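So the chains spell out like this:
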Amino acid sequence: MVSVPLYPNPEAWHNHLGELVALWDVPDDVVKIAVALDHSPNTESTNAEKELFTGKKFGILEEDIWYIHVRFRNNLGWGPTAHYRVAIDTKPPLAFEAVVDEGETTDNPAPVLRFKTSDALSGLAEYQVKIDDGDMVHINAGEFSGSFTLPLQPPGPHRVLIKALDRAGNSIADSIDLEILPIPSPSITFIPRSSFRKRKKD
């Protein structure tokens, strides 16, 4: 019944601001219309507008969760109120810094990274981890404990990019440069005498 072209999905978070225009169709038998905008999902619109119209401009809203309420009246009385949710979040999650348990120079080919952040409005959706030019690893933020063990890496320099995304699609990132040292080859430093066998004489 109610549509908002700028924010077309009432279930989603949106990360842009602009002139909010709500549209609706007015049935032929409607004699009055009541429209309201607030932060409550269940408001019952009761203040009738001076005239019938098929849409209304609400200006540019601040970031938050808003609800548009539209209600029609015919000769039988007021009908049910239609509610439309508009959720806006344009700010990225809080800045964070990734650290490596073993330090950024390590002989551990699978070091552990620690990172964590939060988002006050829409909430975190996921973390993304990319090692060098490899595939992106997606981590559900709700299931993330704060540590991520890298898959086995060959010796040499590596760059790890960590990105945090909120539910509106805003993101913030940090990167870390690692140096994986080669594991030293084993060397023999002592051989017990019992390891030698005497050669039999002919």
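As a convention, each chain's residues are numbered from 1 in the sequence order in which they are written. Where local features are concerned, this predicted model is filtered to residues with pLDDT of at least 70; where side-chain atom pairs are given and counted, the filter is 80 or more; whole-chain, interface and lining totals use all residues. Based on all heavy atoms of the structure, the side-chain values leave hydrogens and waters out of the count.

Got a minute to help me understand the overall build of the chain in this structure?
Numbering of helices and strands runs from the N terminus; a helix is a DSSP stretch of H or I covering at least four residues, while a strand is a stretch of E covering at least two. Per the secondary structure count, the chain includes zero helices and 16 strands. Each radius of gyration reported is based on C-alpha atoms, and the globular scaling rule is 2.2 Å times the count of residues to the power 0.38. In terms of overall dimensions, the chain is more spread out than a globule: its C-alpha atoms have a radius of gyration of 31 Å, far above the 17 Å expected for 202 residues. Per-residue accessibility takes into account occlusion by the displayed protein chains alone, with areas from the Shrake-Rupley method and a 1.4 Å probe. When the accessible surface of the chain is summed, it comes to about 12,800 Å², and 52% of that surface belongs to carbon and sulfur atoms. As used throughout, the charge tally considers Lys and Arg to be positive and Asp and Glu to be negative, leaving His and the chain termini uncounted. The atoms used to mark charge sites are NZ of Lys, CZ of Arg, CG of Asp and CD of Glu. If you average the places of the 20 positive and of the 29 negative side-chain charges in the chain, the two averages end up 13 Å apart.

I'm lost on the pattern of salt bridges in this one. Help?
Working definition: two side chains of opposite charge can pair if their charged atoms are close together. Here, a salt bridge means any side-chain nitrogen of Lys or Arg that lies within 4 Å of a carboxyl oxygen of Asp or Glu. Enumeration over the complete set of coordinates arrives at four salt bridges. As a salt-bridge pair, Glu49 and Lys56 come within 3.4 Å of each other at their nearest N and O atoms. Taking relative accessible area as the criterion, Glu49 reaches 23% and is therefore assigned partly exposed. Notably, a salt bridge pairs Lys91 with Glu63, separated by 2.3 Å at the nearest N-O pair. Highlighted residues: Lys91 in the loop between β8 (82-88) and β9 (99-100) and Glu63 in the loop between β5 (55-60) and β6 (64-74), separated in sequence by 28 residues. Exposure categories follow from relative accessible area, calculated using a 1.4 Å probe and restricted to protein chains: below 20% of the type maximum is buried, above 50% is exposed, and the middle band is partly exposed.

I would appreciate a short explanation of the sheet that holds strand β10 (residues 105-106) in the present structure.
Strand pairing in a sheet relies on backbone hydrogen bonds, with the paired strands running either antiparallel or parallel. In this scheme, strands are said to pair when DSSP sees at least two bridges between them. The strand order β10-β16-β15-β12-β13 describes an open sheet built from five strands, whose pairing is mixed. Looking at strand neighbours, the two that pair on one side only are β10 and β13 (137-140), the edges of this open sheet. One ladder, built from seven bridges, connects strand β12 (residues 124-131) with strand β15 (residues 156-166); its direction is antiparallel. From the neighbouring strand, Glu126 faces β15, where its bridge partner is Leu165.

Quick question: what am I supposed to make of the side chain of His158 here?
Mapping His158 onto the fold places it in strand β15. By the criterion applied in these results, polar contacts are pairs of N or O atoms within 3.5 Å in which, for protein atoms, one can donate a hydrogen and the other can accept it, and in which residues neighboring in sequence qualify only through two side-chain atoms. In terms of polar contacts, His158 uses its side chain to reach the side chain of Asp132, at 2.7 Å. Of the polar contacts made by the side chain of His158, one reaches the backbone oxygen of Pro154; its length is 2.7 Å. Only heavy atoms matter for contacts: two residues are in contact if any of them lie within 4.5 Å across the pair. If we ignore the near neighbours within four places in the chain, the residues touching His158 are Asp132, Gln153, Ile176, Asp177, Leu178 and Ile180.

Even after reading the chapter, I still don't get unusual backbone geometry, so can you show me in this structure?
A negative phi holds for most residues other than glycine; trans holds for most peptide bonds. Positive phi is not limited to glycine here, since Asp132 has a value of about 50 degrees. Relative to the elements of secondary structure, Asp132 occurs in the loop between β12 and β13. Overall, the relative accessible area of 34% leaves Asp132 in the partly exposed class.

Just to check I follow, could you spell out the sheet that holds β5 for this structure?
Read across the sheet, three strands follow the order β1-β3-β5 without closing on themselves; strand pairing throughout is antiparallel. Each edge of the open sheet is held by one strand with a lone partner, namely β1 (2-3) and β5. For strand β3 (residues 19-24) and β5, the ladder comprises five bridges, and the chain directions are antiparallel. Bridge pairing in β5 places Leu23 opposite Gly55.

Please explain the nonpolar core as it appears in this structure.
Considering soluble globular proteins, one finds that nonpolar side chains tend to be buried as a cluster. Here, the term nonpolar core denotes a set of buried Ala, Val, Leu, Ile, Met, Phe, Trp, Tyr and Cys residues that are joined through side-chain atoms within 4.5 Å. Grouped together as the largest cluster of nonpolar side chains are 20 residues, with contacts concentrated most on Leu20, Trp24, Ile68, Val70 and Val86. Those elements that place two or more of their residues in this core are β3, β4 (32-38), β6 and β8. Beyond its immediate sequence surroundings of up to four residues, Leu20 is in contact with Val4, Leu6, Tyr7, Lys56, Lys57, Phe58, Gly59, Leu61, Ile68 and Val86. In terms of nonpolar packing, the next biggest core, distinct from the first, is built from 19 residues, Phe96, Ile131, Val160 and Ile162 among them.

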